[in-house]
Amino acid sequence: MTTAYRLFLCMLLCTCHASAGPDNAVVQNGLATSSSIDDETTIKIKSITTQLSSMMKDKRRIDKRKYQQNDNEDDMHQQAADILSRPFVTFAYAQTLDGMLAATTSDQTDALTKSTSNMLLSCPESIKLTHHLRNMHDGILVGGSTFLLDQPRLNCRLSPTSTSSYSIEDPMPIVLDTHLNNLQRLLFDDIISIQEENVDIPEDITIDKIKAHNPIICCSSNAAKSFLDLLELFQDQHEVTKRKKRNKKSYNIIVTKKIDENGDIENELYLPIKITLQVTTYNKKEDDIVEELIVTLLPCQIHTHKLDLRHVLHQLYNQFDILSIMVEGGSGILSSFLNECIVDGMKKSSKIVDCVCVTTTPKVIGGKWGLPIFRGLDILSGRTDRTYDTSKKNKKDDKDTDVSESFSDQMLNRMITFKDCEFVSLGQDSIFLGRL
Ligand SMILES: NC(=O)c1ccc[n+]([C@@H]2O[C@H](COP(=O)([O-])OP(=O)(O)OC[C@H]3O[C@@H](n4cnc5c(N)ncnc54)[C@H](OP(=O)(O)O)[C@@H]3O)[C@@H](O)[C@H]2O)c1
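This structure is a prediction, so every number in the text was calculated from the model and none was measured.

A. Summary view of the nonpolar core. Counting 36 residues, the largest nonpolar core has Leu-187, Phe-188, Ile-205, Phe-227, Ile-275, Leu-277 and Leu-297 as the members making the most contacts within it. Residue assignment for this core shows that the elements contributing at least two residues are strand S5 (139–143), helix H7 (144–150), helix H8 (181–188), strand S7 (216–220), helix H9 (221–245), strand S8 (249–257), strand S9 (273–281) and strand S10 (289–300). Top element by residues in this core is H9. It accounts for seven residues. If you look at the next biggest cluster of nonpolar residues, it comprises 31 residues, including Tyr-93, Leu-101, Val-358 and Ile-373.

B. Geometry of a negative patch on the surface. Taken together, the side chains of Asp-138, Glu-169, Asp-170 and Asp-321 define an acidic patch exposed on the protein surface. Among the structural elements, Glu-169 can be located in the loop between H7 and strand S6 (172–176).

C. Representation of helix H11 (residues 309–320) within the structure. Over its 12 residues, H11 runs 16 Å from end to end, which matches the ideal 16 Å to within 8%, given 1.5 Å per residue. For H11, the full list of buried residues reads Leu-309, His-311, Val-312, Leu-313, Gln-315 and Leu-316. Two to three positions downstream of the cap, the backbone nitrogen of Arg-310 sits 3.1 Å from a side-chain oxygen, assigning the N-cap of H11 to Asp-308.

D. Here's a closer look at the pairing of strand S3 (residues 88–96). Among the nine residues in S3, nine count as buried, and that is most of the element. Direction of pairing for S3 relative to strand S13 (residues 324–329): parallel, over a ladder of four bridges. In the strand pairing of S13, Phe-88 is matched with Ser-324. In terms of strand pairing, S3 meets strand S14 (residues 355–361) through seven bridges, oriented parallel. Residue pairing for S14: Thr-96 is matched across the bridge by Thr-361.

E. Quick look at the sheet that holds strand S16 (residues 419–426). On the basis of which strands lie adjacent, the open sheet formed by 11 strands has the order S8-S9-S10-S7-S6-S5-S13-S3-S14-S17-S16 and mixed pairing. Edge positions in the open sheet fall to S8 and S16, since each of these has one partner strand only. Across the sheet, the mean angle from the axis of one strand to that of its neighbour is 20 degrees, orientation sign disregarded. In terms of strand pairing, S14 meets strand S17 (residues 429–435) through six bridges, oriented antiparallel. Bridge pairing in S17 links Cys-357 to Leu-433. Contacts from helix H12 (residues 331–341) reach S3, S5, S6 and S13 within the one sheet, and its direction differs from that of S13 by about 125 degrees.

F. Seen up close, the pattern of salt bridges. One pass over the structure, following the stated rule, counts 10 salt bridges. The salt bridge partner of Arg-61 is Asp-58, with a shortest N-O separation of 2.7 Å. Residue Arg-61 and its partner Asp-58 are located together in helix H2 (residues 34–69), separated by three residues, close to a single helical turn. According to the relative accessible area criterion, Arg-61 is partly exposed, its value standing at 47%. With its nearest N and O atoms 3.0 Å apart, the salt bridge here joins Asp-58 to Arg-435. Here Arg-435 lies in strand S17 and Asp-58 lies in helix H2, a separation of 377 residues in the sequence. Each of Asp-58, Arg-61, Asp-420 and Arg-435 takes part in salt bridges that share partners, so that together they form one network.

G. Geometry of the packing of aromatic side chains. Overall, the coordinates contain six aromatic pairs when judged by the stated rule. Between Tyr-93 and Phe-374, the ring centres sit 6.1 Å apart and the planes meet at 85 degrees, which makes this aromatic pair edge-to-face. Taken together, the positions of Tyr-93 in strand S3 and Phe-374 in the loop between strand S15 (370–372) and helix H13 (388–393) put the pair 281 residues apart, joining distant regions of the chain. Take Phe-374: its relative accessible area is 27%, and that puts it in the partly exposed class. Judged by centre distance (5.1 Å) and plane angle (50 degrees), the rings of Phe-423 and Phe-432 are tilted. For Phe-423, a relative accessible area of 59% corresponds to the exposed category. By relative accessible area, Phe-432 is classed as buried at 12%. In this structure an aromatic cluster arises from ring pairing among Phe-188, Phe-234 and Tyr-251.

H. Quick peek at the confidence of the model for the protein chain. Within the protein chain, residue pLDDT values average 80, and 74% of them lie at 70 or more. Contacts from residues 1–33, a stretch scored under 50 in pLDDT, to residues over four places away or in other chains number 35 contacts. Note that pLDDT drops below 50 for residues 384–398; the model gives that stretch 12 contacts with residues more than four away or on any other chain.

I. Highlighting the environment of Gln-51. Its location among the elements puts Gln-51 in helix H2. A relative accessible area of 13% means that Gln-51 is categorised as buried. As for Gln-51 and Gly-434, which are separated by 383 residues in sequence, their C-alpha atoms are 9.7 Å apart.

J. Fine view of unusual backbone geometry. Across the junction of Gly-329 and Gly-330, the peptide omega takes the value 0 degrees, indicating a cis bond. Here Gly-330 lies in the loop between S13 and H12. Backbone geometry at Asp-189 places phi at a positive 65 degrees, although glycine is not the residue there. Mapped onto the elements of the fold, Asp-189 is located in the loop between H8 and S7. Of note in the backbone geometry, His-305 takes a positive phi value of approximately 70 degrees without being a glycine.

K. Region of interest: the environment of Gln-410. Along the chain, Gln-410 turns up in helix H14 (residues 400–414). Spatially, the C-alpha atoms of Gln-410 and Leu-380 are 8.9 Å apart, while their sequence positions differ by 30 residues.

L. Main features of the environment of Ala-212. Assignment of secondary structure puts Ala-212 in the loop between H8 and S7. Distance from Ala-212 to Phe-147, taken between C-alpha atoms, is 8.9 Å for residues 65 residues apart in sequence. Not counting the four nearest positions on each side in its chain, Ala-212 is found in contact with Phe-147, Pro-152, Arg-153, Leu-154 and Pro-173.

What counts as what
Residues numbered from 1 in each chain as written. Predicted model: local features only at pLDDT ≥ 70, side-chain atom pairs only at ≥ 80, totals over all residues. Heavy atoms only, no water. Core = buried A, V, L, I, M, F, W, Y, C linked by side-chain atoms within 4.5 Å. Buried < 20%, exposed > 50% of the residue type's maximum accessible area, 1.4 Å probe, protein only. Helix = DSSP H or I, 4+ residues; strand = E, 2+ residues; numbered from the N terminus. Patch = residues over 30% accessible without salt bridge, like charges linked within 9 Å, V, L, I, M, F, W, Y side chains within 5 Å. Areas by Shrake-Rupley, 256 points an atom, 1.4 Å probe, with all protein chains shown as cover. Salt bridge = Lys/Arg side-chain N within 4 Å of Asp/Glu carboxyl O. Lys, Arg positive; Asp, Glu negative; His and termini not counted. Charge placed at Lys NZ, Arg CZ, Asp CG, Glu CD. Expected span 1.5 Å × (residues − 1). Polar contact = N/O pair within 3.5 Å; in protein donor to acceptor, adjacent residues only side chain to side chain. Pairing = 2+ DSSP bridges. Axes fitted to C-alpha atoms, helices over the stretch in contact; angles between N-to-C directions. Contact = heavy atoms within 4.5 Å. Phe/Tyr/Trp six-rings, centres within 6.5 Å; stacked < 30°, edge-to-face > 60°. pLDDT = per-residue confidence, 0-100.

Spelled out as structure tokens, the structure:
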């Protein structure tokens, strides 16, 4: 299908949708036909995913050309590291009409925070799109807080039909959890610091709160080391208490570390560590229950107390062959990715987000309870003279209008503007697709 024809079809469908009324039904001779709704959704989703996949191909083509054009060897290595060694990154999240990602409270453990993941904000049609997007990417990435609060499955829930032209594959779940605090809270219901003198080793491990299948958890190398020490202490203590109290559970913890073939110790710090946790619950009357959880820790470098996103992407690309990642949120992660893109004044080769696919739902939460999408985004970040205008504003002899003009200009120039933008209505939601 040509792009022009696809756009025409989309425009036609948008017109149908606009006239279909609030329940999104396509009316034919006064009757709403659900198959027409399905067809409409399918065509629109196909149009969005086709465009996204052409963006992915474009990036690969451009990267390859840049790589080949560079005849200076040193530069070529630098280019390869900067451009080629990271996956294609798509932002895909759902927001309310007032730009909120979720409802939240100051108490992060409150149930309200858990109640508004993207799946709950979106309409069924855009949820279907989300699963198609997941199917297109090798990895799906969320922040530690989302992993803890939403306990997401991060898989692709599409039902195959005889006419589907795609195969269904789950993306690799990826979590950014610098200090592994969120992982600890899920497993032990607490954060345990093994540096403390009288450290309280937990009596149990709960593995059923981790719903994502075999997630990769990116963390600092120190956190990975402390976590392994904690597991060892847990296993030791459990052996003792098992003998004393005859616990009904037994734990088997298997740790597999990748080793650097060249014996490079520095390199070895950043190699993946696979942890298999087997929990057997003994049952007198019935069969024993054996549960297993596999997580892979991926140690990454740190930058200003958080994971260095460039190194995270580089590691995922190099260690797991992940060529495309869908970043779903939450706010902290989305903001950090964009902050990283504007450090050098939006230089193309240094950005780390390629495409944005946002679902906007016709709902409003409001500032009191809402979590703004880009709460941590600072569009002046990286500027050395960022205080210039504000300090000027305090001087009595400066004309306020001049200062505010220059400030507006500055802000307008620094605002993030997307390219090749398109809006498509899907069910009651609106989908925005654009390139960065
Ligand atoms: N509407 C949607 O589409 C959608 C999608 C996803 C999530 N959500 C919602 O978003 C909310 C959570 O958002 P959130 O902002 O509180 O948390 P978040 O973005 O999910 O996670 C932030 C945490 O990630 C860790 N992290 C590691 N490296 C980082 C880096 N480079 N930059 C930033 N953070 C880094 C930090 O914890 P450490 O320092 O401890 O590692 C940080 O506290 C939840 O309520 C969830 O339901 C909504």
